[in-house]
Amino acid sequence: MQVYTFEKLPDAISDLSRKVDKMNLILIGLSDKNPPITHEPDKWNTLDEIIAQDPEHRSKPTFYGYVSRGELKSHKSGKRLLFLQSEFEEFLKKDRRKSVPEPEANIDQYLVQPKSKKLSHGK
């Protein structure tokens, strides 16, 4: 490490300034080649945008029902309902139907359960 005296301080500052400029140019060059990965904040959607994204094309009253029953999380901004994109995607995943092998696995689990845990069907 080089020792600087008071007389050499202006030269040291200009040397440091040149080095910082070089580092900035290098970093800018690197960022152009590899753009930084940024996590985008969650997007807010209106009810109309949610309906447009819905794969089942459900209506507004249907979504109002989901909101009133607490099945779909919503936020109010004045009179408008707003939905976070991540919460809507979570709702869609929760609402999905099971594929063919999944109910078969549930049947196997039901058949293996002791009789006391099975439904009595009114008997």
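Residue numbers run consecutively from 1 along every chain, following the written order of its sequence. In view of the model being predicted, local features appear only for residues whose pLDDT reaches at least 70, and side-chain atom pairs are presented and counted only at 80 or more, with totals across whole chains, interfaces and linings using the full set of residues. Neither water nor hydrogens contribute to the side-chain values; these are computed over all heavy atoms in the structure.

Q: Any chance you could break down the side chain of Asp54 for me, citing the residues and the numbers?
A: Strands are runs of DSSP state E lasting at least 2 residues, helices are runs of H or I lasting at least 4, and numbering of each runs from the N terminus. One can find Asp54 in the loop between helix H2 (47–53) and helix H3 (60–69). Exposure is judged per residue with a 1.4 Å probe applied to protein chains only, and the accessible area is read against the type maximum: over 50% gives exposed, under 20% gives buried, and values in between give partly exposed. For Asp54, a relative accessible area of 1% puts it in the buried group. Setting aside residues no more than four positions away along its own chain, Asp54 makes contact with Phe63, Phe88 and Leu92. In what follows, a contact means two residues having at least one pair of non-hydrogen atoms within 4.5 Å.

Q: Would you mind going over the pairing of strand S3 (residues 80–84) in detail, with residue names and values included?
A: Burial of S3 is extensive: 4 of the 5 residues sit out of reach of the surface. Pairing between two strands is assigned when DSSP locates at least 2 bridges connecting them. As paired strands, strand S1 (residues 44–46) and S3 are joined by 3 bridges and run antiparallel to one another. Bridging from a neighbouring strand, Thr46 pairs with Leu82 of S3. The hairpin turn running from strand S2 (residues 75–77) into S3, its antiparallel successor, is 2 residues long, and Gly78 in that turn takes a positive phi close to 70°.

Q: So what about the packing of aromatic side chains? Which residues, and what values?
A: Centre distance within 6.5 Å is the pairing criterion for rings of Phe, Tyr and Trp, where only the six-membered ring of Trp is used; planes under 30 degrees apart are then read as stacked, over 60 as edge-to-face, and the remainder as tilted. For the coordinates displayed, the defined rule picks out 4 aromatic pairs. Here the aromatic rings of Phe63 and Tyr66 are separated by 5.8 Å at their centres, their planes lie at 85°, and the arrangement is edge-to-face. Here Phe63 pairs with Tyr66, and both are found in helix H3, just 3 residues apart, close to one helical turn. Assessed through its relative accessible area of 0%, Phe63 is described here as buried. Looking at Tyr66, the relative accessible area reads 12%, which means it is buried. Between Tyr66 and Phe91 the ring centres are 5.1 Å apart and the planes differ by 55°, which places this aromatic pair in the tilted class.

Q: So what about H3? Which residues, and what values?
A: All of the buried residues in H3 are Phe63, Gly65 and Tyr66. Angularly, the buried residues of H3 cover 155° about the axis, an arc narrow enough to put them on a single face. Of the exposed residues in H3, the ones pointing more than 90 degrees away from its buried face are Pro61 and Ser68. Tucked inside the fold, the buried residues of H3 contact H2 and helix H4 (85–94). One or two residues past the end of H3 sits Gly70, with phi positive at roughly 80°. By construction, the arc corresponds to the directions joining the helix axis to the C-beta atoms.

Q: Lay out unusual backbone geometry with the relevant residues and their values.
A: Despite not being glycine, His57 shows a phi value in the positive range, around 55°. Structurally, His57 can be placed in the loop between H2 and H3. Among the residues examined, His57 registers a relative accessible area of 65% and is labelled exposed.

Q: Tell me about the sheet that holds S2, residues and numbers included.
A: Taken in spatial order, the 3 strands make up an open sheet running S1-S3-S2, and their pairing is antiparallel. The open sheet terminates on both sides in strands that have one partner only, identified here as S1 and S2. If you compare each strand with its neighbour and ignore which way they point, the axes differ by 45° on average. Relative to S3, H4 is tilted by about 75°, and along the sheet it contacts S1, S2 and S3. Every axis corresponds to a line fitted to the C-alpha atoms, with the helix fit spanning only the stretch in contact, and the corresponding angles, defined between N-to-C directions, vary from 0 to 180 degrees.

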